[in-house]
Number of protein chains: 4
Amino acid sequence: MNSPGRLEPVPRRSTAELIADQLRSAIMHGALAPGDQLGETDLAAQLGVSRGPLREAMQRLVQEGLLRSERHRGLFVRELGPEDVHDIYVARLAVERASCELIMRGNRGEALARLTAALNDLVAAARTGDRTAMSDADQAFHRALVSCSGNHRLERMAETLLVEARMCLTVMQEVYPEADELVEEHQKLLDAITDGDEELLLRLIESHMLDTVERINAGAPTARN
Amino acid sequence: MNSPGRLEPVPRRSTAELIADQLRSAIMHGALAPGDQLGETDLAAQLGVSRGPLREAMQRLVQEGLLRSERHRGLFVRELGPEDVHDIYVARLAVERASCELIMRGNRGEALARLTAALNDLVAAARTGDRTAMSDADQAFHRALVSCSGNHRLERMAETLLVEARMCLTVMQEVYPEADELVEEHQKLLDAITDGDEELLLRLIESHMLDTVERINAGAPTARN
Amino acid sequence: MNSPGRLEPVPRRSTAELIADQLRSAIMHGALAPGDQLGETDLAAQLGVSRGPLREAMQRLVQEGLLRSERHRGLFVRELGPEDVHDIYVARLAVERASCELIMRGNRGEALARLTAALNDLVAAARTGDRTAMSDADQAFHRALVSCSGNHRLERMAETLLVEARMCLTVMQEVYPEADELVEEHQKLLDAITDGDEELLLRLIESHMLDTVERINAGAPTARN
Amino acid sequence: MNSPGRLEPVPRRSTAELIADQLRSAIMHGALAPGDQLGETDLAAQLGVSRGPLREAMQRLVQEGLLRSERHRGLFVRELGPEDVHDIYVARLAVERASCELIMRGNRGEALARLTAALNDLVAAARTGDRTAMSDADQAFHRALVSCSGNHRLERMAETLLVEARMCLTVMQEVYPEADELVEEHQKLLDAITDGDEELLLRLIESHMLDTVERINAGAPTARN
DNA sequence: GTGGTCTAGACCACC
DNA sequence: GTGGTCTAGACCACA
C-alpha cells in the first residue's frame with residue numbers, strides 16, 4: 001500500500017505497449033472479431049497515433065498469436081475452431097495446475113487473501129447478472145491464481161491464454177455457465193486451497209478446464225480455423 | 001460510459017505533466033512540506049527521470065504558485081501564512097460561487113447526478129473515519145462542483161486552489177471538522193441545488209469557505225509566509 | 001508604494017520566467033497567433049537562449065493554458081472559439097467581482113488613487129487613437145483593479161485571464177469599442193467606487209464583461225477551438 | 001512430414017519475423033549478451049534493413065520477454081538471475097509435462113519416430129563433443145517433444161522458454177552435463193514413452209528439469225536480474 | 001550532443 | 001486502392 005503523496009517513479013509505458021493493450025482488449029471483447037482485418041490507416045486514426053507505433057503494437061499481437069499476418073494482404077484477427085478451444089484450455093490447465101502446485105508449496109496465506117478478494121468481486125458481479133462483468137471477474141480470479149504462483153513466465157503465458165479463452169466465450173456467449181454455478185466452482189477452488197488439499201485442488205482445476213471445453217464445443221457452431 | 005473494448009485514442013501525457021502531477025500530489029499531502037527545498041538530483045532519482053523533464057515540471061508548479069524560485073539557490077515549497085489561508089479561501093469562494101451560479105442556470109440535472117455520487121463517496125469516507133480519505137472526498141466534491149459549471153477556466157483555477165487549500169489542512173490537521181459536520185455541510189449544498197434555491201446556495205458556499213478560514217486561523221500556530 | 005530612491009532588492013527573475021514573459025507578450029499581441037507551432041530551435045535562436053530554459057518557459061505557458069501540447073508533434077498556441085471567449089469573460093467576472101467586493105470593504109483610498117492614475121493613462125491612450133495603446137491601458141486598469149484587492153491568488157488568476165482576453169481582442173480587432181465608449185465605461189466603474197456604491201459597481205462590472213462577450217462573439221467569424 | 005519434391009507454398013514470412021528470428025538466435029547463442037543494448041542504427045545497418053521493420057521485430061522480442069524496454073533509453077537484452085532460472089525450468093516442466101501426457105494418450109507412434117530421430121541427432125552431436133551442437137540437439141529434442149503433443153499453444157510457449165533456457169546455459173557453459181549423461185537422460189525419456197509408462201515419464205521429466213535448475217544455480221555466479 | 005521515439009510522406013508491391 | 005516498406009525530420013529525454 002502506498003502512502004498517499006509518496007514520491008514514486010513515474011510509470012511510463014511505451015506507446016506500442018499502450019496500443020497493444022488497447023487492441024488486446026478490443027479483441028478480447030469482440031470489438032475486433034475473429035477474421036476481421038486490421039486496417040492500419042483506420043486504426044491509427046481511431047487510436048490517435050501514427051502508423052509506426054501501431055505496427056509495432058500489432059507485431060506484438062502477432063507474436064502472441066492473437067493476430068495472423070498475410071504478407072501484402074494485411075493483419076487479421078485469428079479465428080478459433082473447436083480444436084483451438086481444446087488447445088487453449090489444455091494449455092491453461094498446464095499453466096494453472098503448475099500455479100496451484102506452487103501456491104500449495106509456497107506462500108498460501110497471501111494467495112488466500114488475494115483470491116478471496118477476487119472471489120468477492122466475482123460474487124458481486126454475479127449479483128448484477130452482467131455477463132461481461134462476470135467474465136471480467138472470472139478472468140481476474142484466474143489471473144490472480146497464476147500471479148500468486150510467483151512465476152513470471154507462467155504469468156506471461158497465462159496472459160495470452162486468458163485473452164484467447166475470452167475470445168472463445170465472446171463468440172459463443174450462450175454457453176456461459178449460470179451465475180450460481182460460476183461462483184460455486186470458484187468457491188470450491190478456494191476452499192481446497194484453504195484446506196491445503198492439493199490433490200482435490202488439482203482435480204477441481206482439471207475438471208474446471210475440461211468441462212469448459214466440453215460446454216463450448218458442444219454448444220458452438222463450428223468456426224473456421 | 002465506454003463500451004468495453006471500444007477503440008479509443010490512447011491517452012499519452014507528457015513526462016513533464018506526469019511529474020508535475022506527482023509533485024503536486026506530494027505537496028498536497030505534505031510529503032513535500034512548506035519550506036522544503038527540491039533537490040533536482042534526488043528528485044530525479046526518486047522519480048526515475050532525468051533532470052530535464054523534472055525541471056520543466058517544476059517550472060509548471062512555479063507558475064501555479066506552489067513552488068517558489070530563488071535564483072541560484074533552488075526551488076522551495078511555498079510556505080503559507082494566515083493571510084494566505086484567507087486569500088486562498090476567498091479566491092475559492094469567488095470561483096465556486098461563480099460555478100454555483102452557472103450550475104443553477106445550466107444543466108442542473110447532470111450536476112445533481114455527479115454531486116450526489118461525490119457526496120456518497122464522502123459519506124463512505126466519513127464512515128471509515130480516515131482523515132485523508134475524507135479530505136480526498138471533500139476535495140473531489142468541490143472539484144466536481146466547479147467542473148459542473150462547464151467553464152474550463154474556472155476548473156483550471158480551482159485545481160491549484162484546491163491543492164493550496166489542502167496544504168492548509170495538511171499542516172494543521174487538528175482543526176478539520178468532524179465527520180458528521182462535514183457530511184452535513186455538503187448535504188446542505190446539494191439540497192439547495194436540488195431545490196433550485198440559488199440565494200441559499202450562495203449563502204451556504206460563502207459561509208462554508210469563510211468558516212473554514214476562521215477555523216484554520218483560529219487553531220493554527222502562525223506560520224511564516 | 002515605493003518611495004523613489006529607496007534601495008530595494010533587485011528582482012532577479014529566472015531565465016525561464018523572462019522567456020515566459022516574452023512569449024506571453026508575443027502571444028498576447030498576436031506575434032504568435034493561435035494555432036502557430038512553436039519550433040524549439042527557431043525560438044531558441046531568436047531569443048538568444050538555449051533549448052533548456054526555453055522548454056521550461058514553454059511548460060509554464062502550457063500550465064497556464066496558453067499553449068497546447070501535442071506529444072511528439074510540438075507545442076502550439078491555443079486557439080480560441082466562441083465558447084472560450086465566454087468562459088474567459090465569465091471567469092474574469094468572477095475574479096473582478098470578488099476584487100471589487102474586497103476593495104469596497106478594504107482600503108478604498110489607495111484603490112481610488114491607483115485606479116484614477118490608470119484611468120488617466122487610458123484617457124491619454126484614447127486621445128492618440130492607437131488601438132494597441134488603448135488595449136494596454138484597458139488591461140492595466142483591470143490589472144490594477146484586481147491588484148487593489150490585495151489578494152495574490154486573484155491577481156495570479158487574473159494575469160492569465162487578461163492575456164487570454166487580449167488574445168480574443170487581437171484576433172478580432174474590428175469589434176473593439178470606440179475610444180469614447182471605452183473611457184466612459186471605466187469612468188463609471190471608478191465613480192461607483194468613489195461613491196461607495198457596491199451594488200452599482202457589481203452591476204457595472206458584470207455588464208462590462210458580458211457585453212464584451214456579446215460584442216466579440218457577434219462580430220467574430222467563428223474560430224476553431 | 002514433407003514428401004521430397006512436393007510443391008508447397010513458399011513460406012513467405014514478413015521481414016519483421018525474419019529479423020526477429022535473427023535476433024532471437026543471436027540472443028540465444030550469446031552474440032547479444034544479457035544486459036547489452038540494441039542500438040537501432042547499428043543493428044539496422046548490420047542486418048541490412050531499415051529501422052522500421054527492425055523496431056517491429058524488437059517489439060516482438062519485448063513481448064516474448066527476451067528484451068527489456070526502458071523508455072527513451074533503449075532496448076536491452078534481459079538479464080537472468082537465479083530465480084529466473086527457476087521460473088523458466090518450472091514453466092518448462094509445466095509445458096513438457098502436459099505434452100508428455102498428451103503424447104501418451106495420443107499418437108504415440110509418430111512421437112516415437114520423431115523423438116528417436118531427435119535422439120540420434122543428439123548422439124551424433126555428443127560424439128563430436130561440440131557443446132553448441134549438443135545444446136542444439138538437446139533443444140531440438142524438447143521442441144519435438146512439445147510439438148508431438150499437437151497443441152499449438154504449448155508449442156508457442158515452449159518456443160520462448162527454450163530460448164530462455166538456452167540463455168541460461170550460454171551464460172554458464174561450464175555446468176552443462178557430460179555428453180554421456182545427456183544422452184542417457186534423454187534415452188530414458190524415450191524408453192518410458194516406448195514402454196507406455198506415463199508415471200515414470202512424468203517423474204523423469206520432472207527431475208530432468210529440476211536437476212538442471214540445481215546444476216545451474218549451484219555452479220553459477222549470481223547474475224543480476 | 002546523441003540516440004530513442006514518433007510523425008509524416010513517399011514509393012513500391014499486391015490485389 | 002490498400003498495405004508494406006522505407007526515409008526524412010522533429011520532438012523528447014538522457015548523459
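- The name an unreviewed UniProt entry gives chain A is DNA-binding GntR family transcriptional regulator, with Streptomonospora nanhaiensis as the organism.

## Some thoughts on the overall build of chain A
Then comes step 1: What chain A contains, in helices and strands, is nine helices and two strands.
Then comes step 2: Against the 2.2 N^0.38 benchmark of 17 Å for 225 residues, chain A shows a C-alpha radius of gyration of 19 Å, consistent with a compact globule.
Then comes step 3: With respect to the principal axes defined by its C-alpha atoms, chain A has extents near 55 × 55 × 35 Å.
Then comes step 4: The 225 residues of chain A split such that 52% are buried.
Then comes step 5: Taking as baseline every contact in chain A between residues at least 6 positions apart, the subset at least 24 positions apart corresponds to 75%.

## So, the protein's contact with DNA strand E
Then comes step 1: In the vicinity of DNA strand E lie 21 residues, with Thr15(A), Ser50(A), Pro53(A), Arg12(B) and Arg51(D) positioned nearest.
Then comes step 2: Considering the 4 Å shell around the protein, atoms of DNA strand E inside it are sugar or phosphate in 79% of instances.
Then comes step 3: Residue Ser50(A) places a side-chain N or O atom 2.2 Å away from a phosphate oxygen belonging to DNA strand E.
Then comes step 4: Sorting the residues of the surface near DNA strand E by element identifies helix H3 (51–64) of chain A together with helix H3 (51–64) of chain D as the ones contributing at least two each.
Then comes step 5: Here the surface near DNA strand E gets three residues from one element, more than from any other, and that element is H3(A).
Then comes step 6: Its residues assigned to classes, the surface near DNA strand E comprises two nonpolar, nine polar and 10 charged.

## Considerations on the relation of the copies chain D and chain A
Then comes step 1: When chain D is brought onto chain A, the operation consists of a screw motion whose angular component is 180° and whose axial shift is 0.0 Å, with 0.1 Å RMSD remaining. Considering both components of the superposition, the chain copies are consistent with a two-fold axis.
Then comes step 2: Here 97% of the interface residues in chain D have copies in chain A that are interface residues too; the copies meet face to matching face.

Each value, and the rule that gives it
- Residues numbered from 1 in each chain as written.
- Chains lettered and ligands numbered in written order.
- Predicted model: local features only at pLDDT ≥ 70, side-chain atom pairs only at ≥ 80, totals over all residues.
- Heavy atoms only, no water.
- Helix = DSSP H or I, 4+ residues; strand = E, 2+ residues; numbered from the N terminus.
- Rg over C-alpha atoms; globule rule 2.2 N^0.38 Å.
- Buried < 20%, exposed > 50% of the residue type's maximum accessible area, 1.4 Å probe, protein only.
- Contact = heavy atoms within 4.5 Å.
- Near = heavy atom within 4 Å.
- Polar contact = N/O pair within 3.5 Å; in protein donor to acceptor, adjacent residues only side chain to side chain.
- Nonpolar A, V, L, I, M, F, W, Y, C, P; charged D, E, K, R; others polar.
- Least-squares fit on C-alpha atoms with pLDDT ≥ 70 in both.

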